[in-house]
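# Fold and geometry: a report
One-letter residues, chain by chain:
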Amino acid sequence: MSFTDWSVTWTTSNAEVNSREKAQEAQRIRLFAPFAPLRGYLDCALSSGLLCKATFSLLAATALLAGNAPALEVTGLRCEYLDAPRGMDVAQPRLSWQIRSGRRGERQTAYQVLVASTETRLRNNQGDLWDTGPVASDQSIQVAYGGRALVSRMRCHWKVRVWGRNGAASSWSAPASWTMGLLAPDDWQAKWIADAAQAPKPAVLFRKTFELDSRVERATAYVTGLGLYELRINGRRVGENLLAPEWTSYSNRVQYQTCDVTGLLQRGANALAAVVGQGWFMGRLMGIAGDAYGAFPRFLLQLEVELADGRRQLIVTGPGWQSTTEGPIRAAGIYDGETYDARLENARWDTPGLEPPGWKPVRVLEPPPARLVWQRNEPIRVTGELKPVSLAEPKPGVYVFDFGQNMVGWCRLKASGAAGTTVTLRHAEMTNEDGTLYTANLRGAPQVDRFILRGAGEETFEPHFTYHGFRYVELTGQGRRPRLDSLVAKVIHSAAPEAGRFECSDPAINQLMRNILWTQRANLMGCPTDCPQRDERFGWMGDIQAFSQTAIFNMNLAAFLAKWLQDVRDDQAADGRFPDYAPHPGDPNAGASGAPAWADAGVIVPWRVYQNYADTRLLADHFDAARRWIDYIRRLNPELIWAKGRGNDYNDWLNGDWIKQKDWPPKGGSVPNEVFATSFFAHSAELVGRMAEVLGRKDEALRYRGLAEKIRTAFNEKFVTPDGRIQGDTQAGYALALDFDLLPPELRPKAALRLVEGIRNYHGHLSTGIQTTHRAMFELTRCGYNDTAWQLLTNRTFPSWGYMLDNGATTIWERWDGYVKGRGFQDPGMNSFNHWAFGAVGEWVWRNIAGINPDDAGPGYKHFVIHPRVCPGLAWARASYDSIHGPISSEWRIERGTFKLNIRVPPNTTASVFVPTAEPDAVTEGRTQAANAPGIELRRSTEPGAAHYEVQSGRYSFSAPVPSL
Ligand code: BGC
């Protein structure tokens, strides 16, 4: 299969409507890319049906043959990681672009950025805000804006052109834009408002009517709430964001959203209306007693209207607004679900004209202490829809829909019946053997939606301020069998763009990778959560710490993680402890802070963001917090063994000792707490040292790297014997020590052997938990035991990923044996079917089967490593990853003893390529000996069984003899 066929074939499972459309769009764009000048005409022709795809492909081929492919093209313009951010409060936003070229070795030698205050100026090449002129530089990402000072409400239009290796310029890119938000506290004229009764339960409706006596030129709404809000103007919903403002450390920071609402306003009478529910701000959050942050919902809106006659009109929340709690959303909680009484709908509530009865003036509040900040991450949105695959009736009148996929979001219901009929939807991940819902594992999260019909024919419902983890939905109360299409499931999560696509010849691995992706979709709700269904759904830091690189391969998470790392900093305890979860809705100083591996996410995750996106600004913002965390541990543990101040020892959570199975060893999986904690201490100290190095903070670099060295020495002295045995003799201990490079070089092979023996002792299985499973896999491969790693990946016996698959998993389970056919469920007190931590093995697949690896030598994929491994029985793999520098791909297959590797290295980047072979001299690229091919340099291989090349940008086709396994 060639590169161009893949995108249409790899999304084959599930009803991933949006994903498939995206893939087709990607395919279309890829086809169009070579001849941008024709694109407008062809887009139009395609959409009007004048030109079929086949004809188009022919045209494309002809154009390419005719040599129309531009040598250099600039595309993918992003500002602060987003396509067209609105309402930013960043003084010097960072710009990135990507370069496309058909030429090998293409790279940027200079760039020019123009930023203009109007589209016309930009079109006329007048960069009145910023014109860099040609800048001799190869920097094409994270270019900090350096033009005229950006002020509130400014609109900025920009484009870029680059010069290539031979000095020729590209054309200007297509234009992109960003807008500024309200930068100074004084810009906010709006006041926070609440319902006079300040009732916590029913959602509050707010409303205000006003007149506009001229045509609207432009209107912008700056809006947020405490609780969750939906804004409507003149009867229409504003934007597509859901569950806004997303969970932040609300006592410190509340994100506001900026919406262009020009098209929703009219000359004459207008109505602004909002409904505000509890969300994360109020109500129950895990075990936290009382309201997490506040007791009643609040709302804030500033609408700025520019009229055609040049006047400006400001409509803000404050006196003059009305509210009621008599709206249809009677109750809504993140865990609880929503109760919606359609009989209380009033069609006039969000339209101008007569005031509906029963509304009262709002209460105007003092501003909360939290800072208002822009929403820097992709909003939560519907990203796809699933249709049910079956409908059963396990008990009379009880109907269970199966969506065929464990997922997160909610259902749109179509129902009809007499007024007052309550149709109830219950959501569950699994069913009991009798087909009824299994809900015990939801613990205190009922996730039940109740819709009370108005009695007006077919009615349509969707909840607003909740979300559910489910594959099965039970419908009761309608009084008759529903149709299969009564429900459609909406997939909802932070809409970070998907970045990675992977497929290989082993269907089980493909299913595993799909399950990992679905689990990721399920756990991105403004912050990275542990699970999406039970009464928890917290930003547990240990889980994302383990999963972060897999997550980054799957999606572009730069903006999402930058937002969340601010939550982490906001909730750092005063003594330097990072929280165990962020946001931390309790008091981080009092507890649930400072746990080894969990709090260490405060160091490890920003480093990952740096490795993948070269985000040095994030490191600079985060450095002090990271340093304070290390200082805290050190202060309490001058001997450098982390014995004191560990907070909660979650240890290597869910390691083998948690498994209760006949013949399974009851002990031997759990690594001693001090070994576990000290490993993370050494690793985090090392990373803080490296952060300091990147930031040019030389003294601190020396200090923290020196500290890390001393911790390693203390670790070896206290825990490691001269023959490489680590205290506890656990798989986990070896995985940590190897992965964090804690051991002297001579002990590495010995420790690796102990790891392998440890696996043998468990009859070829892992006894590791969520912090060491993926690390054991990496180190097996790194230390020359890839066959063992492969065997673990493909095991079907318990505990293994294959065992989950064989027992029906469509997402990653919290426990290896969450459910076993014939045996039933694990302990319902902790048995999520949508937990990503064991899915961190995705990183191993990306790094070793796809073979794509970021490299600290060129963060942000300026330089990267392609290193696929030959695994027994695996015939082919193909993967692509949209790096910040552009799309990378790696596609290989083994044919009659020949390893054929096709790769794509984006312009302006370089890569190290390791081609698996026993005969380096026989490796070819195209028709030439690889070492002599253009764009390639042979290196002395440090990897046995692989030929090492350094390659410039471009596409390459390597062939090499491999011994068949
Ligand atoms: C979560 C875990 C989390 C842990 C802390 C659990 O309830 O679901 O994934 O890391 O608590 O040990």
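The next thing to look at is the overall build of the chain. Counting its secondary structure elements, the chain contains 18 helices and 47 strands. Taken against the 2.2 N^0.38 rule, which gives 30 Å for 965 residues, the C-alpha radius of gyration of the chain at 29 Å falls within 12% of a compact globule. When burial is assessed residue by residue, the chain has 61% of its 965 residues classed as buried. Counting only contacts in the chain whose residues sit at least 6 apart along the sequence, the fraction spanning at least 24 positions is 74%.

Further remarks concern the nonpolar core. For soluble globular proteins, nonpolar side chains are generally found buried alongside one another. Counting residues in each nonpolar core, the largest one holds 262 residues, and the members touching the most others are Trp97 and Phe958. The element contributing the most residues to this core is helix H11 (residues 673-694), with eleven residues. Counting 29 residues, the second-largest nonpolar core is a separate cluster that includes Leu231, Ala244, Leu265 and Val362.

Below, the discussion takes up the site of the ligand. Taken together, Asp530, Arg534, Glu536, Trp540, Asp543, Trp598, Tyr650, Trp653, Glu814 and His835 make up the full set of residues adjacent to the ligand. Between the ligand and the protein, one listed contact pairs an oxygen atom with a side-chain N or O atom of Asp530 at 2.7 Å. Arg534 is positioned with one of its side-chain polar atoms (N or O) 2.7 Å from an oxygen atom of the ligand. Contact with the protein chains removes 95% of the 310 Å² of surface that the ligand exposes when unbound. Looking at the shell around the ligand residue by residue, the classes come out as four nonpolar, one polar and five charged.

As a further point, take the confidence of the model for the chain. On average, residues of the chain carry a pLDDT of 92, and 92% of them reach 70 or more. Segment residues 1-69: pLDDT under 50, and 78 contacts once partners within four positions in sequence are set aside and those in other chains are kept.

The final tally for this structure, using the stated rule, is 50 aromatic pairs. For the ring pair Trp540 and Tyr650, a centre distance of 5.4 Å and an interplane angle of 90° mean the geometry is edge-to-face. Pair noted here: Trp540 is in the loop between helix H6 (507-522) and helix H7 (541-554) and Tyr650 is in the loop between helix H10 (616-636) and H11, with a separation of 110 residues, a long-range link. In this structure Trp540 comes out as buried when scored by relative accessible area, which is 13%.

Okay, the pattern of salt bridges next. Side-chain pairs of opposite charge can arise where the charged atoms are in close proximity. Inspection of every chain in the model, using the stated rule, returns 65 salt bridges. For Arg381, the salt bridge identified is with Glu240, shortest N-O distance 3.8 Å. Here the residue Arg381 occupies a position in strand E24 (residues 380-386), and Glu240 occupies one in the loop between strand E13 (236-237) and strand E14 (253-260), the gap between them amounting to 141 residues. Assessed through its relative accessible area of 55%, Glu240 is described here as exposed. Between Arg705 and Glu686 there is a salt bridge; the shortest N-O distance is 2.7 Å. Of the two residues, Arg705 is situated in helix H12 (residues 698-719) and Glu686 in helix H11; the sequence distance between them amounts to 19 residues. A residue is classified by how much of its surface remains accessible, and Arg705, at 30% relative accessible area, is partly exposed. Under the relative-accessibility criterion, Glu686 is labelled buried at 7%. Look at the salt bridges and you will find they share partners, linking Glu686, Arg690, Glu693, Arg705, Glu709, Arg712 and Asp856 into a network.

Quick look at the packing of helix H16 (residues 786-794) against helix H18 (residues 841-850) now. One can describe the packing of H16 onto H18 by two numbers: an axis separation of 12 Å at closest approach and a directional angle of 130°. The orientation of H16 with respect to H18, classified from their angle, is oblique. For the element pair H16 and H18, the recorded crossing hand is left-handed. Between H16 and H18, the contacting residues are Asn786, Ala789, Trp790 and Leu793 on the first element and Val841, Trp844, Val845 and Ile849 on the second. Of the residues assigned to the contact of H16 with H18, the class counts are seven nonpolar, one polar and no charged.

Strand order in the open sheet made by the five strands is E37-E38-E42-E46-E45, with mixed pairing throughout. Among the strands making up the open sheet, the edge pair consists of strand E37 (852-854) and strand E45 (936-939). Averaged over all pairs of adjacent strands, the angle between strand axes in this sheet comes to 25°, irrespective of strand direction.

Let us now look at H16. Taken together, the buried positions of H16 are Asn786, Thr788, Ala789, Trp790, Leu792 and Leu793. Where H16 is buried, its residues meet H6, helix H14 (748-761), helix H15 (773-782), helix H17 (801-806) and H18.

Here is what the cut-offs are and how they apply
- Residues numbered from 1 in each chain as written.
- Predicted model: local features only at pLDDT ≥ 70, side-chain atom pairs only at ≥ 80, totals over all residues.
- Heavy atoms only, no water.
- Helix = DSSP H or I, 4+ residues; strand = E, 2+ residues; numbered from the N terminus.
- Rg over C-alpha atoms; globule rule 2.2 N^0.38 Å.
- Buried < 20%, exposed > 50% of the residue type's maximum accessible area, 1.4 Å probe, protein only.
- Contact = heavy atoms within 4.5 Å.
- Core = buried A, V, L, I, M, F, W, Y, C linked by side-chain atoms within 4.5 Å.
- Near = heavy atom within 4 Å.
- Polar contact = N/O pair within 3.5 Å; in protein donor to acceptor, adjacent residues only side chain to side chain.
- Areas by Shrake-Rupley, 256 points an atom, 1.4 Å probe, with all protein chains shown as cover.
- Nonpolar A, V, L, I, M, F, W, Y, C, P; charged D, E, K, R; others polar.
- pLDDT = per-residue confidence, 0-100.
- Phe/Tyr/Trp six-rings, centres within 6.5 Å; stacked < 30°, edge-to-face > 60°.
- Salt bridge = Lys/Arg side-chain N within 4 Å of Asp/Glu carboxyl O.
- Axes fitted to C-alpha atoms, helices over the stretch in contact; angles between N-to-C directions.
- Parallel < 35°, antiparallel > 145°, perpendicular 65-115°, else oblique.
- Left-handed = near helix turned anticlockwise from the far one by under 90°.
- Pairing = 2+ DSSP bridges.

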